[in-house]
Amino acid sequence: MKKITSTNASSNETAKKIRNREIAIRIVTLIAVSFVLAIMLRVSRIDEFNTIKDFFVGRVWLQIFIISVILAAMLSTLYFYSIYIRRDLRKDKKLVQVLTASIVLTFALVLLFGTLINLYIAPLVLCSLLVGALLDKRIGIVTNILISQAFFLTAMIVLGPDKIIESSAALITSMITAIFLISNLDKARTRFRFTVLGILVGLCTAVIPMLINLLVNPEDVIAMLMSGLWSFLSVILSIALQMIFLPIMEYIFRINTIFRLGELCSLENPLLKKLAVTAPGTFNHSVAVGNLAEICADAIGENPQLAKVCAYYHDVGKMKNAEYFIENQSGLPEDNPHNDLIPEVSVSMIVSHVQASYDMIKAEKLPDIIADVSREHHGTTPVNYFLYKAQSYTEDDLNKLEFSYPGPKPQSKIAAIIMIVDTVEAASRAIANLSNHDQFRKFIHNLIKGKSDIGQFEECGITFKDLKTIEDTLVEFLPSMYHSRIQYTKPSEK
Ligand SMILES: [Fe+2]
Ligand SMILES: [Fe+2]
């Protein structure tokens, strides 16, 4: 007993040491990034230095130190806020990496455009657009507020108070623009619609620098109009730069943004197009599962777009032997190719679609989560139809495992949702005879309970409350989606 206690204590001690070391590394990274940004900011005023010696005077390094402290305070506040919002990423290096990459990139581009053209066009909103799409909308908005403030303060230090009008106009405009754009990030869904939204927001917020100029210098109409134009171009530039850098960052950090998921949902995608032609029944089933999975994921606080994409691709492996799956058959008993096969062979044909789906998704280099869900969506459930058929030919007890999917069981809530909705969608083909609402609810309840009773949800972290919510959602939405298949009398109509 003593031995176990001392082993636990030493493993806790080791875990604590590792955690402390990781926190120390992240703090050093934030300080180093702040220092690099401060040097970038100071070097951007290269016109102030006649010789290289001028850069190494005390005043310049004092400025670099002050700017570093301001930026370090800003970055650490942002980091701790981000951990608070994305608790799931608190142990993930991705969080610091995404924040750092977005901030350094934005600062470099702001300095480039700010010094080459003017401060109005500096693409300040870029950082929050990247962070909003890659991490979280709330973190994106807070990033924008902190970045804009830091930019304003450092512009004052480096460029002097004569740039106060330009930098304060850029500060206010970028904060308002970012809030509007990020709030609508998931509603826009495609990059084209987001660009249209950006043009509208850019036109509206261009009024702000014009009003500030009108207030300060009412005689100079040209300057006022130009400030509006540059401000509008700043929003367009930020969106254009986001279009360029977001796919690169999506790839580097392996994060699925709302845009990437939207593109994968497009029925123009080659793999989905091929599925529609090769296995039209499976294609229709996948789209129906996608619609239901989206609603169910939303109901339990999971990513609805991700659930929809996973559903669209979960059965692509059926393309290999499409005619062996019931949804692609004519319905005439004599056309069923399983008539000529022994149950063991039929099962191996059916079960193999899980690995085939996984391999196809991997070969297309789609996100890992889509491949994982395709492999997990049947878990380790048995193919009862062929198990019972095989049992009818023999007195011996058959090994159930030989008639079951190989697994693994669902490892995420999204995989569990796809498993439930897949089962319910397939079963809904045969529930036209249910006569009332209570029977319908019981039917859905039994399907979910059946999976739960054989332990399919024990590795994915889904709760009983989640399962009840999914059941309620399916009872509410399934009849409206399959009104021709499901006909029952609601309690109020009895
Ligand atoms: Fe399947
Ligand atoms: Fe399926």
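Above this text you will find the structure in question.
Notes on the structure follow. Quick caveat: nothing in here was measured; it's all calculated off a predicted structure.

On to the overall build of the chain, then. Helix and strand counts for the chain come out as 20 helices and 0 strands. Radius of gyration (C-alpha) of the chain: 29 Å, far over the 23 Å computed for a compact globule of 494 residues. Counting only C-alpha atoms, the chain reaches 95 × 70 × 45 Å along its principal axes. Long-range contacts, defined here as pairs at least 24 residues apart, represent 74% of the contacts in the chain between residues at least 6 apart. Carbon and sulfur atoms form 62% of the exposed surface of the chain, whose accessible area is close to 24,700 Å². Averaged over its 48 positive side-chain charges, the chain has a centre that lies 7 Å from the centre of its 46 negative ones.

Distances from the iron ion (ligand 1) to its protein donors, namely Asp315 (OD), His353 (NE2), His377 (NE2) and His378 (NE2), fall within the range 2.1 to 2.3 Å. Coordination geometry of the iron ion (ligand 1): the 4 donor atoms subtend angles of 83 to 172 degrees at the metal centre, consistent with an arrangement described as irregular. One chain supplies every donor to the iron ion (ligand 1), and in sequence these donors are spaced D-x37-H-x23-H-H. Between the iron ion (ligand 1) and the iron ion (ligand 2), both coordinated by Asp315, there is a metal-metal distance of 3.5 Å. Summarising the burial analysis for this pair, His377 and His378 share the class buried.

A covalent bond between the sulfur atoms of two cysteines is referred to as a disulfide. Tallied over the entire structure, the rule returns 0 disulfides. Here Cys265 is not cross-linked by a disulfide; its sulfur's nearest cysteine counterpart is in Cys310, at 9.3 Å. Relative accessible area serves as the criterion here: at 11%, Cys265 is assigned to the buried category.

Remark: helix H11 (residues 258–265) packs on helix H14 (residues 304–313), axes separated minimally by 9 Å, with the N-to-C direction vectors making an angle of 30 degrees. One element, H11, and the other, H14, form an angle in the roughly parallel class. Relative to H14, H11 is oriented so that their crossing is left-handed. The residues of H14 that touch H11, namely those facing Ile258, Leu261, Gly262, Leu264 and Cys265, are Gln305, Leu306, Lys308, Val309, Tyr312 and Tyr313.

This part is about the packing of aromatic side chains. Note on aromatic pairs: each is described by the distance of the centres and the angle between the planes. Under the definition given, this model contains 3 aromatic pairs. Positioned over the ring face of Tyr358 is Arg375, at 4.0 Å from the centre of the ring.

Let us look at the nonpolar core. Ile103, Leu181 and Phe194 are the most contacted members of the largest nonpolar core, which totals 60 residues. The element best represented in this core is helix H2 (residues 58–85), accounting for 10 residues. Sequence-distant contacts of Leu181, that is, excluding residues within four places in its chain, are made with Val125, Leu129, Phe194, Leu197, Gly198, Val201, Val235 and Ile239. Counting 51 residues, the second largest nonpolar core, distinct from the first, contains Ala311, Met360, Ala371 and Ile420.

It is worth spelling out helix H15 (residues 343–363) at this point. Between its terminal C-alpha atoms H15 stretches 30 Å, which fits the 30 Å expected from 21 residues at 1.5 Å a residue. For H15, the principal kink sits at His353 and spans about 30 degrees. Residue Lys365 follows H15 closely and has a positive phi angle near 60 degrees.

Thresholds applied
Every chain begins its residue count from 1, and numbering advances along the sequence as written. Lettering for chains starts from A, numbering for ligands starts from 1, and both go in the order in which the items are written. Where totals are concerned, whole chains, interfaces and linings use all residues; where local detail is concerned, this predicted model gives features only for residues with pLDDT of at least 70, and gives and counts side-chain atom pairs only at 80 or more. With hydrogens and water stripped out, all remaining heavy atoms of the structure feed into the side-chain values. To qualify as a helix, a DSSP run of H or I must reach at least 4 residues; to qualify as a strand, a run of E must reach at least 2; elements of each kind are numbered from the N terminus. Note that the radius of gyration is over C-alpha atoms, with the globule rule given as 2.2 Å times the number of residues to the power 0.38. Only heavy atoms matter for contacts: two residues are in contact if any of them lie within 4.5 Å across the pair. Reported accessibility uses the Shrake-Rupley method at a 1.4 Å probe radius. Residues are deemed covered only where the shown protein chains occlude them. Charge counting follows a simple rule: Lys and Arg are positive, Asp and Glu are negative, and His as well as the terminal groups are ignored. Charge positions are represented by NZ for Lys, CZ for Arg, CG for Asp and CD for Glu. Donors, by definition, are the N, O and S atoms found within 2.8 Å of a metal, the threshold being 3.2 Å for Na, K and Ca, and water is not counted, so a site can look incomplete. Any coordination sphere not matching a tetrahedral pattern (four donors, all angles between 85 and 135 degrees) or a square planar or octahedral pattern (four or six donors, opposite donors over 155 degrees apart, other angles between 65 and 115) is reported as irregular. Burial status follows relative accessibility: with a 1.4 Å probe on protein chains alone, a residue under 20% of its type maximum counts as buried, one over 50% as exposed, and anything between as partly exposed. Here, a disulfide means two cysteine sulfur atoms that sit within 2.5 Å of each other. Orientation is described by lines fitted to C-alpha atoms, with helices fitted over the stretch in contact, and by angles between N-to-C directions that extend from 0 to 180 degrees. Angles below 35 degrees are treated as roughly parallel, those above 145 as roughly antiparallel, those between 65 and 115 as roughly perpendicular, and all remaining angles as oblique. Left-handed describes a crossing whose near helix is turned anticlockwise from the far helix through less than a right angle; right-handed describes the clockwise counterpart. Here a Phe, Tyr or Trp ring, Trp counted by its six-membered ring, pairs with any other such ring whose centre lies within 6.5 Å, and the pair is stacked when the planes are under 30 degrees apart, edge-to-face when over 60, and tilted otherwise. By definition, being over a ring means that NZ of Lys or CZ of Arg is both within 6 Å of the ring centre and within 35 degrees of the ring normal. Each nonpolar core is a collection of buried residues, namely Ala, Val, Leu, Ile, Met, Phe, Trp, Tyr and Cys, held together in the definition by side-chain atoms within 4.5 Å. How far a helix is expected to stretch is found by multiplying one less than its residue total by 1.5 Å. Bend is the name given here to the angle between axes fitted to two runs of seven residues, the run ending at a residue and the run starting at it.

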